[in-house]
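Residues per chain are reported as follows:
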Amino acid sequence: MKLAILTFLAVIATVASAQDSAPSDSNDTDASIVETAVPGMNDADESGVVALASPLLQDDLQLLVGNVQRPNAMVWFEDHLYTVCNGDWTIYQIDDRNGDTITYVFGVKNGHSMLMESTNEGFDLWVPDPESETLWKVNQDRLAPESVFDQLAAPWGIARIDEDSLLVSDTKENAIFQVSEAGEAITIASGLRAPTGIAIDDSRIYFANGGSARRGIEWMRVEENGAISGPKPLVKGLQNTTNIILGDDGLLYFGYALGTRAVVGRVDPDHCLEDGCSGDETEMLVFSDIPAPVSLALSSDLRLFLHSRFRPEVYWAQLPA
């Protein structure tokens, strides 16, 4: 306990120029956050991504005032934020510039993450709801949510794996399920540590172990024949990792905690594939005063939105794009 307190105080004292050790859970050690640069990046990498000279602090964030009292999951789409309100079981749409808020659809009790997909008609919004143990689907018609699969225990993260199915992490089952749009499910990974956020690129699945700092973020390879490898380490030393977003810049963005404070970091996943990255190879983007855990959303022009779960204040910052 004394070591954790000293570590946290050291982070507060030096966060403008460096990042210190992150607390770990009771079964894990060696969590560390040291540098403020994405591995392989100086001022900018080959894609033009710019690393911050130091993390953004609370005073660097802008407040977006919407009209949602208990938001949780949040996703950005075409100049709007969509969020689930746990207080009244409603999905709200918020203008990402002025905070104008409309009631979008009623019937989703809660959600830690959402998947938004553009379609020819408009969009599909997928919401894993841990309170109803259901994966819901909503579209632009604003009709009642459609139940896709209602046999989950505590669904958390969601990502698209192929044209017919999605991956859903389940924190109670310590597993990731592949759920078809027809309502069938198979287990693709088990023995995890309270898996939370999940993201997919062409051949890799990235997911967070929210219950293990030692396991932090892991990844699995999707083979050409559809087979999926076992979990491998990607980033160790992240406490209470929640959302994971794969940005248009190819970097992996994630929310985690230092003590009780919400933090946002990112890595270049390509750099971490072979041996896994330690905490000192994570770029800390935001060191906030808001309490962890944190929900995230990222716009196509790299505006980062964040809020503490069930708190009405939404903050944002423009990242170098």
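Structure: see above.
Here goes a summary of the coordinates provided. Please read all numbers here as calculations on a predicted model, not as lab measurements. The residue numbers shown here count from 1 along each chain, following its written sequence. Predicted model: local features are reported for residues with pLDDT of at least 70 only, side-chain atom pairs are reported and counted for 80 or more only, and whole-chain, interface and lining totals are derived from all residues. Values reported for side chains reflect all heavy atoms of the structure, with hydrogen atoms and water molecules removed beforehand.

What to know about the layout of surface pockets
Any empty space left between the atoms is revealed when a probe the size of a water molecule rolls over them. To keep it simple, the criterion reads: Using a 1 Å grid laid over the protein atoms alone, points where a 1.4 Å probe fits but cannot get out form a cavity; open sets with protein on both sides within 12 Å along at least 5 of 7 lines form a pocket; any residue with an atom within 4 Å of a point counts as lining. Grid points are joined across faces, edges and corners, and a volume is the space filled by probe spheres set on the points. Think of it this way: any DSSP run of H or I at least four residues long counts as a helix, any run of E at least two long counts as a strand, and we number them from the N terminus.
Its volume calculated, the largest pocket comes out at about 890 Å³. Lining the largest pocket are 35 residues, with Met114, Leu115, Met116, Ile245 and Leu246 sitting closest to its centre. Every element with two or more residues in the lining of the largest pocket is listed here: β3 (71–77), β7 (115–118), β11 (155–162), β15 (195–200), β19 (244–246) and β23 (294–298). Ranked by the residues each element gives to the lining of the largest pocket, the list is headed by β11, at six residues.

Comments concerning the sheet that holds strand β18 (residues 232–235)
Applicable threshold: Only strands that DSSP links by at least two bridges are regarded as paired with each other. For helices, the axis comes from a line fit to the C-alpha atoms of the stretch in contact; other axes are also lines fit to C-alpha atoms, and the angle between any two N-to-C directions lies between 0 and 180 degrees.
The sheet built from four strands is open, its strands ordered β15-β16-β17-β18 with antiparallel pairing. Looking at strand neighbours, the two that pair on one side only are β15 and β18, the edges of this open sheet. On average, adjacent strands in this sheet sit at an angle of 30° to one another, irrespective of strand direction. Two elements, strand β16 (residues 204–209) and strand β17 (residues 217–221), share five bridges in a ladder whose sense is antiparallel.

Here's the deal with the environment of Pro55
For clarity, the cut-off: Working definition: with a 1.4 Å probe on protein chains only, accessible area under 20% of the residue-type maximum means buried, over 50% means exposed, and in between means partly exposed.
One can find Pro55 in the loop between α1 (2–14) and β1 (56–57). What makes Pro55 buried here is its relative accessible area of 3%. Remark: the alpha-carbon pair of Pro55 and Phe287, spanning 232 residues in sequence, is separated by 6.3 Å.

Re the sheet that holds strand β13 (residues 175–180)
Ordered by their spatial adjacency, four strands build an open sheet running β11-β12-β13-β14, and the pairing between neighbours is antiparallel. The sheet terminates laterally at β11 and β14 (185–189), the two strands that pair on one side only. Neighbouring strand axes in the sheet, compared pairwise and without regard to direction, differ in orientation by 30° on average. With six bridges joining them, strand β12 (residues 165–170) and β13 adopt antiparallel strand pairing. Of the residues in β13, the one forming a bridge with Leu167 is Gln178.

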